[in-house]
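Chain by chain, the residues run as shown.
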Amino acid sequence: MKILVCVSNVPDTTTKITFTDNNTQFNTAGVQFILNPYDEIALARAIELTDGGNGSATVINVGEVSTEPTIRKALAIGATDAVRINAKPHDAWFVASQIAAYVKSNPFDLILTGRESIDYNGSKVAGMLGELLDIPSVSIIKKLDVNGTDVTVEREIEGGKEILTAPLPIVAGTAEGVAEPKIPNMRGIMSARSKPLVVVEPVTVSTLSNVLDYETPKPRGQVKLVPADDVAKLVGLLHDEARVI
Amino acid sequence: MPVLVYTENVEGKFKKSTFEIVSYGRAIADQNKTSLVAISIGDVSKEELAGLGKYGAERVLNVSNEKLKNFINQAYASVIAEAAAKEGAEIVVLSNSFSGRGLAPRIGVKLEAGVADGAVALPEQAKGKFIVKKTAFSGKAFANVELTSEKKVISLIPNAYKIEEKGAIAKVEDFGPALKPGDLKTIIKEIVRSTDKVSLPDADIVVSGGRGLKGPENWGMIEELADLLGAATACSKPVSDAGWRPHSEHVGQTGIAVSPNLYIAIGISGAIQHLAGISSSKVIVVINKDPEAPFFKVADYGIVGDAFEVVPQLIAAVKEYKASA
């Protein structure tokens, strides 16, 4: 089976987020970019499902040439080949439209995304792709199995889980539980250099949204410490002062 | 042109986040001097539907169809988009719940609408601009997003908007959508829901444990405290990675982001990735034996002490408070 894994190039999880140009631009100075952690899970599952020559796991990224190290990392982990759509990822609508245009002329049996990217956290690309391709989409899955032409997934819901099946092709957004992320080995790193990475020029897409600027959360005041031998005082403060219980 | 709000139900009942989204929709309708129409899909009683009027919905479109009893992302998105088109709604609002996250992007594509997901406040509308503040960088920042499209879809994070009761009884009307077979390819096999536990993403109070608790066998006191406070339980990443607690409880940058009124962190040092997932909590309490734990820097209240001594005392104090209240 042919699996497409959509990947994002995101700031490392330890990054302190700051902005420049009147808070209109994310400050990338000194920031290490990584493969989005949820996309690593998607990629790991795609590699498991296509293990032993049972198809291919292609990664696709919408990004400028600066994202290629992240794409090579995905190839080192075990992706078969890669596609980069050569454009700045303006928003989820732009990204989904680019990937949908590619998939329309290069069909896949299963399309995986991470449940969300850890920069814009939209969880939107999976659903938009599903709609653009007119196929089912499931956001935030914890388990995925393929049985012949059907796929069974476990979806997270408030206070529990839901198990559902759908005929391939579908789009699914993976979260923790679907697979353990894989670490590239030396052989993988060596072979990644020679695996195909195709660069495709973007299609024209209308603009539906723009980020105007960013804000960082307001700092909290000084912490009020309660002595460990007077815990009842904390309950009093939470009731009388903070009014949360 | 009314504002359309999708009101999600759990086993036929509306929940707190539904009332939040109706109140939010009402406020947007007021901004635009228009009416608020709700759409409900599934088996919900007439009384429950009419009760949405209390939060400001004037009319409720009731979609009660055997094929739509369970949530099917593709079909629900089609039904909501169809209702938006029939009502001439330009703004569709819904909760940023697990289901809402699946619906918003599909509805957005159908309506050619810009989608603002994870909104934390009312949109700012001035000089022909429509700007929504939303979470970004996993809670480390907010982005002000302008929706430039004629139609707009907004999903609101739980606990971000206060429930307002101001309306009366809503008029309930049946809505029969034109379903296409292609929308119904997904089949729900099983739903497992533990109704005795408070759901984490929309909990008012969260009690969270970290590695400082030393092992899964010590979670009894966390659960007891959570039960007493009507809170959901959560944990840090190392705890779910170690298999002490399920992944669904992992709060942080690569887990669930929460925004409760009260977040109690016990034995969690406060790594930047964890703080990202809880930064929009209104009040943060930290219990940690290390006075240098970074978590104290973002806490409102703190106790420097051993969790195994402090938490039992806290449980006793909460019991005493409840008995006197």
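Residues numbered from 1 in each chain as written. Chains lettered and ligands numbered in written order. Predicted model: local features only at pLDDT ≥ 70, side-chain atom pairs only at ≥ 80, totals over all residues.

1. Considering the overall build of chain B
The line we're drawing: Secondary structure counts use DSSP, requiring at least four H or I residues in a row for a helix and at least two E residues in a row for a strand, with both numbered from the N terminus. Each radius of gyration is computed over the set of C-alpha atoms, and the globule rule expresses the reference value as 2.2 Å times the number of residues to the power 0.38. With C-beta atoms placed from the backbone, the exposure class of a residue follows from how many other C-beta atoms lie within 10 Å of its own: 20 or more, buried; 12 or fewer, exposed; in between, partly exposed.
In terms of regular secondary structure, chain B is built from eight helices and 18 strands. The C-alpha radius of gyration of chain B comes to 21 Å, within 12% of the 20 Å expected for a compact globule of 325 residues. Counting only C-alpha atoms, chain B reaches 60 × 45 × 40 Å along its principal axes. The burial tally for chain B puts 58% of its 325 residues in the buried class.

2. Things to note about the packing of helix 4 (residues 125-133) of chain A against helix 4 (residues 98-111) of chain B
Filter applied, for reference: Under this scheme, a helix contributes an axis fitted over its contacting stretch, all axes are lines through C-alpha atoms, and angles between N-to-C directions fall in the 0 to 180 degree range. Working definition: roughly parallel below 35 degrees, roughly antiparallel above 145 degrees, roughly perpendicular at 65 to 115 degrees, and oblique for all remaining angles. Handedness of a crossing follows from how the near helix is turned relative to the far one, being left-handed for an anticlockwise turn of less than a right angle and right-handed for a clockwise one. This entry defines residue contacts through backbone-placed C-beta atoms, with two residues in contact when those atoms are within 7 Å. When residues are sorted by character, Ala, Val, Leu, Ile, Met, Phe, Trp, Tyr, Cys and Pro go into the nonpolar class, Asp, Glu, Lys and Arg into the charged class, and all the rest, Gly among them, into the polar class.
Between helix 4 of chain A and helix 4 of chain B, the shortest axis-to-axis distance is 7 Å and the interhelical angle comes to 40 degrees. In terms of axis orientation, helix 4 of chain A runs oblique to helix 4 of chain B. Between helix 4 of chain A and helix 4 of chain B lies a crossing of right-handed hand. Every residue of helix 4 of chain B that contacts helix 4 of chain A at Gly127(A), Met128(A), Gly130(A), Glu131(A) and Leu132(A) is listed here: Gly102(B), Pro105(B), Arg106(B), Gly108(B), Val109(B) and Lys110(B). Of the residues belonging to the contact of helix 4 of chain A with helix 4 of chain B, the class tally is four nonpolar, four polar and three charged.

3. Observations regarding the pairing of strand 7 (residues 81-86) of chain A
All names here are of chain A. Stated precisely, the cut-off is as follows: DSSP bridges decide pairing: two strands pair if at least two such bridges lie between them. A clockwise path from the first strand over the helix to the second, with the strands pointing away from the viewer, defines a right-handed crossover.
Summarising the sheet, strand 6 (residues 56-63) and strand 7 pair through six bridges and their orientation is parallel. Counterpart to Val 62 in the pairing with strand 7 is Ile 85. Viewed along the sheet, the connection from strand 6 through helix 2 (residues 68-77) into strand 7 turns out right-handed. Pairing between strand 7 and strand 13 (residues 197-200): four bridges, direction parallel. The residue of strand 13 that forms the bridge with Arg 84 is Val 199.

4. Comments concerning the confidence of the model for chain B
Quick reminder of the rule: pLDDT expresses how confident the predictor is about each individual residue, on a scale running from 0 to 100.
Here chain B averages 96 in pLDDT, and 100% of its residues register 70 or above. Prediction confidence for the complex, expressed as pTM and ipTM, is 0.95 and 0.96 respectively.

5. Re the interface of chain A and chain B
Contact residues are listed per partner, giving 67 residues for chain A and 79 residues for chain B. When residues of the side of chain A that touches chain B are traced back to their parent elements, those giving at least two are helix 1 (37-49), helix 4, strand 9 (137-147), strand 10 (150-157), strand 11 (160-167), strand 14 (209-215), strand 15 (224-225) and helix 6 (231-240) of chain A. It is strand 11 of chain A that provides the largest number of residues to the side of chain A that touches chain B, a total of eight residues. Here the residues of the side of chain A that touches chain B are counted per class, giving 34 nonpolar, 18 polar and 15 charged. The sheet contact formed by strand 14 of chain A and strand 10 (residues 141-147) of chain B spans six bridges and is antiparallel.

6. What about the packing of helix 6 of chain A against helix 8 (residues 307-324) of chain B?
Relative orientation of the contacting elements helix 6 of chain A and helix 8 of chain B amounts to 50 degrees, with a least axis distance of 8 Å. When the interaxial angle is binned, helix 6 of chain A and helix 8 of chain B end up oblique. Taken as a pair, helix 6 of chain A and helix 8 of chain B cross one another with a handedness that is right-handed. Together, Val231(A), Ala232(A), Leu234(A), Val235(A) and His239(A) of helix 6 of chain A and Val310(B), Gln313(B), Leu314(B), Ala317(B), Val318(B) and Tyr321(B) of helix 8 of chain B make up the contact between the two elements.

7. Observations concerning the sheet that holds strand 13 of chain A
Spatially, 13(A)-7(A)-6(A)-1(A)-8(A)-12(A)-9(A)-10(A)-11(A)-13(B) is the arrangement adopted by the ten strands of the open sheet, whose pairing is mixed. The open sheet has two edge strands with one neighbour each: strand 13 of chain A together with strand 13 (187-193) of chain B. Strand-to-strand, the axes of this sheet are offset by a mean angle of 30 degrees, without reference to chain direction. Looking at chain direction, strand 1 (residues 2-6) of chain A and strand 8 (residues 110-114) of chain A are connected through three bridges and run parallel. Counterpart to Leu4(A) in the pairing with strand 8 of chain A is Ile111(A).

8. A word on the environment of Glu112(B)
Position of Glu112(B) relative to the elements: it lies in the loop between helix 4 and strand 7 (114-119). By C-beta crowding, Glu112(B) is classed as exposed, having 12 other C-beta atoms within 10 Å.

9. Overview of helix 4 of chain A
Residues and elements named next belong to chain A. Burial analysis of helix 4 places nine of its nine residues in the buried class, the great majority of the element. Along helix 4, the residues that are buried comprise Val 125, Ala 126, Gly 127, Met 128, Leu 129, Gly 130, Glu 131, Leu 132 and Leu 133. Once helix 4 finishes, Asp 134 follows within two positions and takes phi at roughly 55 degrees, a positive value.

10. Considering the domain arrangement of chain B
Residues and elements named next belong to chain B. Test applied: Just so you know, the domain bounds were taken from an automatic or database domain assignment.
Domain annotation of chain B identifies domain 1 (3-184) and domain 2 (205-324). Taking only C-alpha atoms, the centre of domain 1 and the centre of domain 2 are 32 Å apart. Each side of the interface is counted separately: domain 1 has nine residues, and domain 2 has nine residues. When grouped by side-chain class, the residues that make up the side of domain 1 that touches domain 2 number four nonpolar, four polar and one charged.

11. So, the sheet that holds strand 16 (residues 262-266) of chain B
Strand order across the open sheet formed by six strands is 15(A)-18(B)-17(B)-16(B)-14(B)-15(B), with parallel pairing between neighbours. At either margin of the open sheet sits one strand with a lone partner, and together these are strand 15 of chain A together with strand 15 (232-235) of chain B. Sheet topology note: the strand 16 of chain B/strand 17 (residues 283-288) of chain B ladder contains five bridges and is parallel. In the sheet register, Ile266(B) faces strand 17 of chain B, and the bridge partner there is Ile287(B). Seen against the sheet, helix 6 of chain A touches strand 15 of chain A together with strand 16, strand 17 and strand 18 (301-304) of chain B and runs at an angle of roughly 175 degrees to strand 18 of chain B. In this fold helix 8 of chain B packs onto strand 16, strand 17 and strand 18 of chain B, with an angle of close to 135 degrees to the strand it touches most, strand 17 of chain B.

12. Notes on unusual backbone geometry
Note the cis peptide between Leu168(A) and Pro169(A), where omega equals 0 degrees. Along the chain, Pro169(A) falls in the loop between strand 11 and strand 12 (170-174). Residues other than glycine seldom take positive phi values, yet Arg243(A) does so here, at roughly 55 degrees. On the secondary structure map, Arg243(A) appears in the segment after helix 6. In this structure, Phe137(B) takes a positive phi of about 50 degrees despite not being glycine. Note on placement: Phe137(B) falls in the loop between strand 9 (129-136) and strand 10.

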